[in-house]
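# Descriptive analysis of the structure
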Amino acid sequence: MGDSANSKAYDNIWLVDPVPKMPGKFRLIDMGMGWQERKDPSKEGTPTRVKIEATELKSISWMRVARDYGIRIVKKDGTILRFDGFPLDSFRELSAFINQHYKLKLNQREISVRGLNWGTTELHNNHLSFLVGSRPAFDIPLSQVLNANTTNKDSDVNIELRDPFTSEERQQLSTAKRRGADDMLVQIQFYIPGLASKDEDEDVEVDENGVPTNGETKKNDKEDGEIGEDDEMVDADGKAVTAASHFCDLIKRAADLGATTSEIITTFDKVMCLAPRGRFQVHFHPTAMRMGGKSYEYPIPYNTIFKLFLLPKPDAQHHFLVMALQPALRQGNTIYKFLVFQFQTDEETEDLELNIDDATYEEKYKGKLEKTYDGATFQVFADIVQGMTGQKYVTSESSYTGSQQGIQCYLSATEVVLYPLEKSFIAIWKPTINFKHSEVERVTFSRLGTTTRMVEVTFTLKTDVEYVFRSFPRNEYEHLESFCRSKKIQVVKEADDVAPTYNEGDDSDDGKGEIKRKREDDEDDEDESEDEDFVASDESASGGSDSEGEEDGK
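Residues numbered from 1 in each chain as written. Predicted model: local features only at pLDDT ≥ 70, side-chain atom pairs only at ≥ 80, totals over all residues. Heavy atoms only, no water.

For the protein chain, the helix and strand inventory stands at nine helices and 31 strands. With 554 residues in all, the protein chain has 45% of them scored as buried. When contacts within the protein chain are restricted to residue pairs at least 6 apart in sequence, those whose partners lie at least 24 apart make up 51%. Of the roughly 30100 Å² of accessible surface on the protein chain, 45% is carried by carbon and sulfur atoms. (Helix = DSSP H or I, 4+ residues; strand = E, 2+ residues; numbered from the N terminus. Buried < 20%, exposed > 50% of the residue type's maximum accessible area, 1.4 Å probe, protein only. Contact = heavy atoms within 4.5 Å. Areas by Shrake-Rupley, 256 points an atom, 1.4 Å probe, with all protein chains shown as cover.)

Tracing the backbone shows Thr414 in strand S25 (residues 414-420). Thr414 gets classed as buried once you look at its relative accessible area, which sits at 8%.

Turning next to the pairing of strand S11 (residues 135-141). Pairing geometry for strand S10 (residues 127-132) and S11, over six bridges, is antiparallel. Counted as the bridge partner of Phe130 is Phe138 from S11. Between the antiparallel neighbours S10 and S11 lie two residues, among them Gly133 with a positive phi of about 70°. (Pairing = 2+ DSSP bridges.)

Burial of nonpolar side chains together is a common tendency in soluble globular proteins. Judged by nonpolar contacts, the single largest core of 54 residues is most densely connected at Phe284, Met289, Met291, Met323, Phe341 and Phe381. When near neighbours in sequence (up to four residues on either side) are disregarded, Phe341 contacts Val271, Met272, Cys273, Val282, Met289, Met291, His319, Phe320, Leu321 and Met323. (Core = buried A, V, L, I, M, F, W, Y, C linked by side-chain atoms within 4.5 Å.)

The subject of this paragraph is the packing of aromatic side chains. The tally for this structure, following the rule as stated, stands at 26 aromatic pairs. On the numbers, 5.5 Å between centres and 85° between planes, the contact of Phe26 with Phe86 is edge-to-face. Here Phe26 is found in strand S2 (residues 24-29), whereas its partner Phe86 is found in strand S7 (residues 80-86), with 60 residues between them in sequence. According to the relative accessible area criterion, Phe26 is buried, its value standing at 0%. Taken together, a centroid distance of 5.2 Å and an interplanar angle of 10° make the contact between Phe130 and Phe138 stacked. Under the relative-accessibility criterion, Phe138 is labelled partly exposed at 32%. Lying over the aromatic face of Tyr69, Arg64 brings its terminal NZ or CZ to 4.8 Å of the ring centre. Across the ring face of Tyr361, the terminal group of Lys371 is positioned such that the distance to the ring centre comes to 5.6 Å. (Phe/Tyr/Trp six-rings, centres within 6.5 Å; stacked < 30°, edge-to-face > 60°. Lys NZ or Arg CZ within 6 Å of the ring centre and 35° of its normal.)

On the surface, Asp346, Glu347, Glu348, Glu350, Asp351, Glu353 and Asp374 cluster together to form a negatively charged patch. Among the elements that make up the negative patch, the one with the highest residue count is strand S22 (residues 348-353) (four residues). Inspection of the secondary structure puts Asp346 in the loop between strand S21 (334-344) and S22. (Patch = residues over 30% accessible without salt bridge, like charges linked within 9 Å, V, L, I, M, F, W, Y side chains within 5 Å. Salt bridge = Lys/Arg side-chain N within 4 Å of Asp/Glu carboxyl O. Lys, Arg positive; Asp, Glu negative; His and termini not counted. Charge placed at Lys NZ, Arg CZ, Asp CG, Glu CD.)

It is worth spelling out the side chain of Glu476 at this point. Among the secondary structure elements, Glu476 is positioned in helix H7 (residues 474-486). Of the side chains with opposite charge, Arg453 comes closest to the buried, unpaired Glu476, at an N-O distance of 12 Å. Among the polar contacts made by the side chain of Glu476, one reaches the side chain of Ser403 at a distance of 2.4 Å. Leave out the neighbours within four places in its chain, and Glu476 touches Tyr400, Gly402, Ser403, Gln404 and Ile407. (Polar contact = N/O pair within 3.5 Å; in protein donor to acceptor, adjacent residues only side chain to side chain.)

Read across the open sheet, the eight strands follow the order S4-S3-S2-S1-S7-S6-S5-S8; overall the sheet is mixed. Each edge of the open sheet carries a strand with a single partner, namely strand S4 (49-53) and strand S8 (106-108). Within the sheet, the average angular offset between the axes of one strand and its neighbour, ignoring direction, is 30°. Pairing of strand S6 (residues 69-75) with S7 involves six bridges; the strand directions are antiparallel. In the strand pairing of S7, Gly70 is matched with Asp84. Contacts from helix H1 (residues 91-102) reach strand S1 (7-15), S2, strand S3 (32-37), strand S5 (57-64), S6, S7 and S8, with the element oriented near 45° to S2. (Axes fitted to C-alpha atoms, helices over the stretch in contact; angles between N-to-C directions.)

Right, let's get into helix H6 (residues 377-389). In this model, H6 (13 residues) spans 18 Å end to end at C-alpha, consistent with the 18 Å of a helix rising 1.5 Å per residue. Among the 13 residues in H6, ten count as buried, and that is most of the element. What H6 keeps buried is the set Thr377, Phe378, Val380, Phe381, Ala382, Ile384, Val385, Gly387, Met388 and Thr389. Taken from the residues just after H6, Gly390 is the one with a positive phi, measuring 80°. (Expected span 1.5 Å × (residues − 1).)

On to the confidence of the model for the protein chain, then. Per-chain confidence: the protein chain averages 80 in pLDDT, with 75% of residues scoring 70 or above. For the protein chain, the element scoring lowest by mean pLDDT is helix H8 (residues 512-543), at 39; H6 scores highest, at 97. Counting interchain partners and residues more than four positions distant, the pLDDT-below-50 stretch residues 202-225 has 41 contacts. Taken as a whole, residues 497-554 scores under 50 in pLDDT and shows 48 contacts with residues more than four places along the chain or in a different chain. (pLDDT = per-residue confidence, 0-100.)

Attention now moves to the pairing of strand S18 (residues 297-301). Along S18, four of the five residues are buried, which leaves the element largely enclosed by surrounding structure. Bridge count for strand S17 (residues 288-292) against S18 is five bridges, and the pairing is antiparallel. The residue of S18 that forms the bridge with Met291 is Tyr298.

For the rest of this paragraph, the subject is the sheet that holds S17. In spatial order, the strands read S18-S17-S16-S15-S21-S20-S19; together these seven strands make up an open sheet with antiparallel pairing. Sheet topology places S18 and strand S19 (305-312) at the edges, where each strand pairs with a single neighbour. Between one strand axis and the next, the sheet turns by 30° as a mean value, whatever way the strands run. One ladder, built from seven bridges, connects S19 with strand S20 (residues 318-331); its direction is antiparallel. Opposite Leu308, over in S20, you have Met323 as the bridge partner. Of the strands in this sheet, strand S15 (266-275), strand S16 (277-284), S17, S19, S20 and S21 touch H6, which is tilted by about 165° from S19.

Next comes the structure, spelled out in structure tokens:
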């Protein structure tokens with residue numbers, strides 16, 4: 001810790017928002033304060049830096065946190081910054097320095113630790129605060145809010161939080177740090193009964209601790225939470241707005257989810273999505289794609305889409321458009337690593353003009369998008385996604401010489417379509433998996449000696465993960481084998497798996513034939529039992545709930 005008349009420095013201080021990844025050095029000087037992240041030798045790039053001018057400061061608070069003690073800085077524009085890791089004995093010198101150089105008081109912010117879950121909320125510039133009585137219980141950085149939705153109960157609001165770490169960052173973290181990074185808040189639910197009142201849109205003045213100066217926050221003076229008809233907030237159709245719905249809209253606006261306040265470039269109606277299942281209205285904004293269904297709304301920032309696949313379905317009547325997401329989309333306990341859209345091949349889109357002025361088009365989108373689109377809907381949709389994300393979509397063009405570009409088979413106990421692509425394999429759709437040729441240790445072909453029309457194909461990855469594709473058409477087996485060999489993938493053939501046969505001569509008095517047949521029947525029963533187990537686990541883990549899709553698809 002450095003110390004002088006006009007400066008102070010503290011090591012091992014954490015910046016709380018965004019979620020801390022590395023500690024750093026916090027320094028105070030007479031002109032302001034700043035923080036610089038400690039350089040991680042395993043990462044490339046410039047460490048994060050935060051600079052706060054003295055003229056920007058509105059208030060500074062001291063509070064007890066999980067990492068010793070921390071300070072909460074409120075800027076004049078409403079932005080809140082938090083730094084944790086200060087030792088207890090630093091309070092006096094911090095307080096004296098802040099009072100001398102910034103003419104501010106270092107207030108002690110009392111946190112509610114009573115464990116109560118009923119209180120009030122306050123929306124600041126970049127934080128959501130939850131208060132129990134007059135004391136704050138916790139803050140949620142709005143920059144970490146991934147999605148917000150009301151449930152079918154009309155009184156519950158689900159707020160989903162994003163994972164601040166990419167998969168690459170998680171792999172680079174040490175074991176100890178990775179364990180800590182796995183423990184994080186990913187979802188929180190608020191219960192907000194009743195209807196919204198007109199005065200809930202009014203701004204509430206709060207002090208430096210985030211506590212309303214009038215002692216209460218947006219509290220109705222009606223008994224039992226009732227609101228008079230004249231005080232009810234109504235929507236464009238004249239219907240009363242629930243308090244939960246209004247709160248959800250406030251969160252979306254404050255967190256700018258899906259660029260809800262920006263211009264819509266274009267919209268596609270009733271787009272069929274298989275994962276998550278349902279029909280959605282898809283809006284394209286400058287920074288995100290927004291999928292709106294009857295029950296849920298999903299904002300998809302373009303920078304979370306890192307792969308695109310445009311592939312024909314074997315029935316020749318539909319096309320798949322698959323988007324790989326990082327971080328994955330979360331709906332409750334279900335995680336979607338891939339969005340799977342399905343389009344009718346013969347559906348056409350005519351004279352679709354994008355809502356982009358000439359100056360913006362020339363500056364940002366020329367060479368990426370067309371101003372007007374005509375053609376098959378699946379192609380138009382894919383071209384727009386490609387232009388907005390900057391990711392080139394992968395097609396089924398490869399050296400695979402089979403009768404179809406996609407092969408229908410079963411992964412575990414669910415039907416999928418397997419596509420051998422030029423650099424990877426992808427199986428669509430429930431579940432959707434994608435792995436590169438370079439990740440495959442070997443491909444094993446089984447049941448080759450049987451007289452059935454189907455074989456079994458097992459992909460064993462270098463990470464020891466196995467994907468077993470059953471009911472694979474025998475007429476595609478040689479084509480896939482030739483394709484794998486051309487990609488330098490090791491091929492193993494198990495041709496000795498011959499189906500057992502029964503001969504009359506085996507039916508002797510010693511009973512061995514009967515025992516042999518019984519053992520074969522038992523083995524078949526065990527196989528069927530395993531498939532049934534796979535159906536139960538796979539449906540819940542990978543496919544998501546169909547109830548929402550049936551509702552949206554009505």
